[in-house]
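Listed below are the residues making up each chain.
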Amino acid sequence: MRRPLVMGNWKMHGSRASVRQLLTEIVRGVGASPAEVVVCPAYVHLQQAFALCADSAVGVGAQDCSHMAAGAFTGEISAEMLQDIGCRWVILGHSERRQYHGESDDLVAAKLAAALQAGLLPVVCVGETQEEREAGEAEYVVTRQLRGALAGQAALKQVVIAYEPVWAIGTGLTATPGEAQGMHVFIREQLAEIAGADPAAMRVLYGGSVRAANAAELFGQPDIDGGLVGGASLDADEFRNIVAAAGARQ
Ligand code: PGA
């Protein structure tokens, strides 16, 4: 049985004061959930998050890492550095990185290799844009992204995939539970084909306007193992209820 996982992607939000308040409430609210819970604050808030999550079941991750190990790469943070400060998780290939920073499938693959080498637990995001969806290319795009990131990588059992249709991120639109479930089944088939991975052992999350109001229905689908949550993860009550929905997954 795959343990449900809920990750909060805080993106570029927060101050020391708001991180303290939000994380204190999340740690208290989540308690000992059957679901695994991880929050991903901005780099500058990671140390504070470790301190606030110490002695709790809430894990901490970063939102990105460099594909390089070390060197003259101004502004970059390596996977090794994250590992060294006690970070366990890292989100890779988020659509906002692909869209605003021109991240290619090759770059995501290099980041994934670096993250695995450093012993981090990577969450690789894939998903089609509205245009691609309308052109009937959703499965083609998701396959390309999966193949681009995962082909030839070792230790894939450690990797979590997040299906995040770009048109659903931050828009209030969500894939219907049936649509998301269909894509998750497709993703599992691809995982077996591309990487020879055991798809039943890997967790596949859904992301894109997950809220307390739609979480139970999404997580009720057999192939949706939890969520990557943006906006709603900045509200402790919403997030706690999303975690509860994941924890109730059979
Ligand atoms: P959202 O973001 O929940 O605000 O749609 C999800 C994400 O970008 O990971």
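Calculation criteria
- Residues numbered from 1 in each chain as written.
- Predicted model: local features only at pLDDT ≥ 70, side-chain atom pairs only at ≥ 80, totals over all residues.
- Heavy atoms only, no water.
- Helix = DSSP H or I, 4+ residues; strand = E, 2+ residues; numbered from the N terminus.
- Rg over C-alpha atoms; globule rule 2.2 N^0.38 Å.
- Buried < 20%, exposed > 50% of the residue type's maximum accessible area, 1.4 Å probe, protein only.
- Contact = heavy atoms within 4.5 Å.
- Areas by Shrake-Rupley, 256 points an atom, 1.4 Å probe, with all protein chains shown as cover.
- Lys, Arg positive; Asp, Glu negative; His and termini not counted.
- Charge placed at Lys NZ, Arg CZ, Asp CG, Glu CD.
- Core = buried A, V, L, I, M, F, W, Y, C linked by side-chain atoms within 4.5 Å.
- Arc of directions from axis to C-beta.

Some points on the overall build of the protein chain
Now for step 1: Within the protein chain, the secondary structure is distributed over ten helices and eight strands.
Now for step 2: Expected size for 250 residues packed as a compact globule is a radius of gyration near 18 Å; at 17 Å, the protein chain falls within 12% of this value.
Now for step 3: Counting only C-alpha atoms and orienting by the principal axes, one finds that the protein chain spans roughly 45 × 45 × 35 Å.
Now for step 4: Looking at the protein chain residue by residue over its 250 residues, the buried ones come to 52%.
Now for step 5: Of all intrachain contacts in the protein chain linking residues separated by at least 6 positions in sequence, the fraction that spans at least 24 positions is 72%.
Now for step 6: If you sum the accessible surface of the protein chain, you get close to 10900 Å²; carbon and sulfur atoms cover 51% of it.
Now for step 7: Distance between charge centroids for the protein chain: 6 Å, based on 19 positive and 28 negative side chains.

Details of the nonpolar core
Taken as a class, soluble globular proteins show a tendency for nonpolar side chains to be buried jointly.
Now for step 1: In this structure, Ile26, Ile161 and Ile187 are the most contacted members of the largest nonpolar core, which totals 67 residues.
Now for step 2: For Ile161, the residues in contact, after removing those within four places along its chain, are Val124, Val126, Leu146, Leu150, Ile187, Leu191, Met202, Arg203, Val204 and Leu205.
Now for step 3: Within the second largest apolar cluster, 13 residues are counted, among which are Val38, Cys40, Ala162 and Leu205.

Quick notes on helix 9 (residues 212–219)
Now for step 1: Burial in helix 9 covers these residues: Asn214, Ala215, Leu218 and Phe219. Projected down its long axis, helix 9 carries its buried residues within an arc of 125 degrees, all on one side. Projecting away from the buried face of helix 9 at angles above 90 degrees are the exposed residues Ala213, Ala216 and Glu217.
Now for step 2: Looking at the buried side of helix 9, the elements it contacts are helix 8 (177–195), strand 7 (204–207), strand 8 (226–229) and helix 10 (236–247).

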